[in-house]
Amino acid sequence: MRWFRGTWSRLSADQRLNQSLAQVPDNAGPLNSQQLVHRSLALMRALSPDYLQHFVAQVDALMWLDQVNGGEIPTGRQESPPRRPGRGRRHGVG
């Protein structure tokens, strides 16, 4: 089972790397964000394939959570209730 999981993880990482390459425009400059992401992933694969596998797994988990959440970014704070009139600073008094 461990061997199967490792193989699946490597294939998934390679598939994500190929997907990132497919999204890079042909005339992308050196500071193009898609080009930078692809180069970073390719360097990560060359330097530490195991780290790339863990990174891809974490990104996949975050994407899954984003889909479950409906694409909304949680702010961590609740909306404050509307203020009642007559409270707070009075007009004309400074």
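Residues numbered from 1 in each chain as written. Predicted model: local features only at pLDDT ≥ 70, side-chain atom pairs only at ≥ 80, totals over all residues. Heavy atoms only, no water.

A word on the packing of helix H1 (residues 2-23) against helix H3 (residues 49-68)
Stated formally: Lines are fitted to the C-alpha atoms to define the axes, a helix being fitted only along its stretch in contact, and any angle between axes, read from their N-to-C directions, falls within 0 to 180 degrees. Here a helix means four or more residues in a row that DSSP labels H or I, a strand means two or more in a row labelled E, and each is numbered from the N terminus. Just so you know how the angles are binned, under 35 degrees is roughly parallel, over 145 roughly antiparallel, 65 to 115 roughly perpendicular, and the rest oblique. Contact between two residues is taken to exist if any of their heavy atoms lie within 4.5 Å; hydrogens are not considered. The nonpolar class holds Ala, Val, Leu, Ile, Met, Phe, Trp, Tyr, Cys and Pro. Asp, Glu, Lys and Arg form the charged class, and all remaining residues, Gly among them, are polar.
Closest axis-to-axis distance for the H1/H3 pair is 9 Å, and the angle between their directions is 75 degrees. In terms of axis orientation, H1 runs roughly perpendicular to H3. Together, Gly6, Ser9, Arg10, Ser12, Ala13 and Arg16 of H1 and Leu52, Gln53, Val56, Asp60 and Met63 of H3 make up the contact between the two elements. Taken together, the residues of the contact of H1 with H3 sort by class into four nonpolar, four polar and three charged.

Some remarks on the side chain of Gln53
Selection criterion: Here's how the labels work: a residue is buried when its accessible area is under 20% of the maximum for its type, exposed when over 50%, partly exposed in between, all with a 1.4 Å probe on protein chains only.
Along the chain, Gln53 turns up in helix H3. A residue is classified by how much of its surface remains accessible, and Gln53, at 12% relative accessible area, is buried. Among all residues touching Gln53, those that are not within four sequence positions of it are Gly6, Ser9, Arg10 and Ala13.

Focus on the nonpolar core
Put simply, the rule is: The set of buried Ala, Val, Leu, Ile, Met, Phe, Trp, Tyr and Cys residues whose side-chain atoms join them within 4.5 Å is what this entry labels a nonpolar core.
With six residues, the main nonpolar core is built from Ala13, Leu17, Leu41, Met44, Leu52 and Val56. Mapped onto this core, the elements with two or more residues apiece are H1, helix H2 (33-47) and H3.

Quick notes on H2
Under the convention used in this document: Working rule for helices: expected span equals 1.5 Å times residues minus one. Arc, as used here, means the arc of the directions from the helix axis to the C-beta atoms.
With 15 residues, H2 should cover 21 Å at 1.5 Å per step; its first-to-last C-alpha distance of 21 Å lies within 8% of that length. Within the sequence span of H2, burial applies to His38, Leu41 and Met44. With its buried residues spanning 125 degrees around the axis, H2 presents them on a single face. Across from the buried face of H2, at angles greater than 90 degrees, the exposed residues are Leu43, Ala46 and Leu47. Here the buried face of H2 lies against H1 and H3.

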